[in-house]
There are 2 protein chains.
Amino acid sequence: MNLIDYHDSRPIYEQIVENFKLQILKGILRADEQMPSVRSLAIELSTNPNTVQKAYAELERQGYIYTIKGRGNFVKGNTSMIDNKKREIIDAIVELFREAEDIGFSLEEILDEIKNEFKKLDKSIGAGVSLGVDENRGGKA
Amino acid sequence: MNLIDYHDSRPIYEQIVENFKLQILKGILRADEQMPSVRSLAIELSTNPNTVQKAYAELERQGYIYTIKGRGNFVKGNTSMIDNKKREIIDAIVELFREAEDIGFSLEEILDEIKNEFKKLDKSIGAGVSLGVDENRGGKA
DNA sequence: CTAAGTGTACTATGAATGTTAGTACAGTTA
DNA sequence: TAACTGTACTAACATTCATAGTACACTTAG
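Rules of the game
- Residues numbered from 1 in each chain as written.
- Chains lettered and ligands numbered in written order.
- Predicted model: local features only at pLDDT ≥ 70, side-chain atom pairs only at ≥ 80, totals over all residues.
- Heavy atoms only, no water.
- Helix = DSSP H or I, 4+ residues; strand = E, 2+ residues; numbered from the N terminus.
- Contact = heavy atoms within 4.5 Å.
- Areas by Shrake-Rupley, 256 points an atom, 1.4 Å probe, with all protein chains shown as cover.
- Buried < 20%, exposed > 50% of the residue type's maximum accessible area, 1.4 Å probe, protein only.
- Near = heavy atom within 4 Å.
- Polar contact = N/O pair within 3.5 Å; in protein donor to acceptor, adjacent residues only side chain to side chain.
- 1 Å grid on protein atoms, 1.4 Å probe; cavity = no way out; pocket = protein on both sides within 12 Å on 5 of 7 lines; lining within 4 Å.
- Points joined across faces, edges and corners; volume = space filled by probe spheres on them.
- Nonpolar A, V, L, I, M, F, W, Y, C, P; charged D, E, K, R; others polar.
- Axes fitted to C-alpha atoms, helices over the stretch in contact; angles between N-to-C directions.
- Parallel < 35°, antiparallel > 145°, perpendicular 65-115°, else oblique.
- Left-handed = near helix turned anticlockwise from the far one by under 90°.

Peer 1: Break down the overall build of chain A for me, citing the residues and quoting the values.
Peer 2: The secondary structure content of chain A amounts to 5 helices and 2 strands. The contacts of chain A with a sequence gap of at least 6 include a subset with a gap of at least 24, amounting to 48%. Looking at chain A as shown, the accessible area adds up to about 8000 Å², and 47% of this sits on carbon and sulfur atoms.

Peer 1: With reference to specific residues and values, describe the side chain of Lys85(A).
Peer 2: Within the secondary structure, Lys85(A) sits in helix H4 (residues 79-102). The exposure class of Lys85(A) is buried, given its relative accessible area of 13%. Apart from the residues lying within four places of it in its own chain, the contact partners of Lys85(A) are Leu25(A), Glu99(B) and Ile103(B).

Peer 1: Quick rundown of the protein's contact with DNA strand D? Include the residues and the values.
Peer 2: Near DNA strand D lie 22 residues; those nearest to it are Ile12(A), Thr47(A), Asn50(A), Arg71(A) and Arg39(B). For DNA strand D, the fraction of protein-proximal atoms (within 4 Å) that sit in sugar or phosphate groups is 65%. Contacts to DNA strand D include Tyr13(A), whose backbone N or O atom sits 3.5 Å from a phosphate oxygen. The separation between a phosphate oxygen of DNA strand D and a polar side-chain atom of Lys54(A) is 3.5 Å.

Peer 1: Tell me what's going on with the layout of surface pockets, and back it up with residues and numbers.
Peer 2: Looking at the largest pocket, its volume works out to about 260 Å³. Lining the largest pocket are 15 residues, and of these Arg10(B), Glu18(B), Lys21(B), Leu22(B) and Lys85(B) lie nearest its centre. Mapped by element, the contributors of at least two residues to the lining of the largest pocket are H4 of chain A together with helix H1 (12-26) of chain B. Among the elements that line the lining of the largest pocket, the one with the most residues is H1(B), at 7 residues. For the lining of the largest pocket, the class distribution of residues is 4 nonpolar, 1 polar and 10 charged.

Peer 1: Describe the protein's contact with DNA strand C, listing the residues and the values that go with them.
Peer 2: Not every one of the 23 residues close to DNA strand C is listed here, only the nearest: Thr67(A), Ile12(B), Thr47(B), Asn50(B) and Arg71(B). Of all atoms in DNA strand C that approach within 4 Å of the protein, 64% are sugar or phosphate atoms. Contacts to DNA strand C include Thr51(B), whose side-chain N or O atom sits 3.0 Å from a phosphate oxygen. The separation between a base nitrogen of DNA strand C and a polar main-chain atom of Gly70(B) is 3.2 Å. Ranked by residue count, the leading element in the surface near DNA strand C is helix H3 (residues 49-61) of chain B, at 3 residues.

Peer 1: How would you explain the environment of Val17(A) if you had to name every residue and give the values?
Peer 2: Residues and elements named next belong to chain A. Following the sequence through the fold, valine 17 ends up in helix H1 (residues 12-25). In this structure valine 17 comes out as buried when scored by relative accessible area, which is 7%. For the pair valine 17 and glutamate 58, spaced 41 residues apart in sequence, the C-alpha separation works out to 7.1 Å. With residues near it in sequence (within four places) discarded, valine 17 still touches Ala55, Glu58, Leu59 and Gln62.

Peer 1: An account of the packing of H4(A) against helix H4 (residues 79-102) of chain B is needed here, citing residue identities and associated values.
Peer 2: H4(B) packs onto H4(A) with a crossing angle of 165 degrees between their chain directions and a minimal axis gap of 10 Å. With respect to their mutual orientation, H4(A) and H4(B) come out roughly antiparallel. In this structure, H4(A) meets H4(B) at a crossing whose hand is left-handed. Residues Lys85(A), Ile89(A), Ala92(A), Ile93(A), Leu96(A), Phe97(A), Glu99(A) and Ala100(A) of H4(A) pack against Lys85(B), Ile89(B), Ala92(B), Ile93(B), Leu96(B), Phe97(B), Glu99(B) and Ala100(B) of H4(B).

Take a look at the structure:
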């Protein structure tokens, strides 16, 4: 499962939460699928049932899973979660753009750098990516 | 000075470090300018000299300030720091793009959203922003 | 019904971290 | 010399994370 990384300084329960969130968001875990029981997962991760319980409580609080007492924890549908996650990502990116501006990192520079990274990494991101607020502008400004 | 926020859960020393890093990167604090003494800053922030000392030690470790015993702490030049920070920001943005892809957030969608944010916020970011890996593509999309 | 599995709620303990407090010492400078 | 600087300790306290153990309620397969 590889749910946790002991070289990671973050608390175990937090890593469990994040990993399940990702799996749910990616659709690897589907709606109404049963989560591992707190006890079995604790054994698998060589950790404590209380730690897993803490993670599950947090996942439930955030709306990613639901609980049926005596039966187990189950995955919720992920549609609204995905929208929230998209918003988080957009906000984070915009915040980074602003941070860059703050230290005198011009937008042109940023975009050039990102373009370079894409060229290095790609295939997956593929072609024709444009953040053009306006391609054909002599305009607005 | 507003260096720390007691509603922030992060350690005080960490907030001090981050705030001075920003001030140095932004050029608000200039090279060879003297930092507040550990004792005076501790009083100003209603905290302990040891906490400030811990922050200053970290800032020195990261190359943002230098120390002259008996005289004080002073700001280092920020040119190489800025380059490092730029790299950090680019890496963070690219990572977010990948994270978005992971949950099926298409590049087009992301860029549209960011465009919208820019339109809302702007003035400063202004015009003609293009991340076009390829402008003139009739292709793919 | 019983047994074995689920979640949940406690208490107690230990380790690590962040913070405060106090003391002491060394270097610099007016 | 006096008043600043940084630095290095030790001690104590609170909080957080994790472990351990126990107990109880619910569900389901037998």
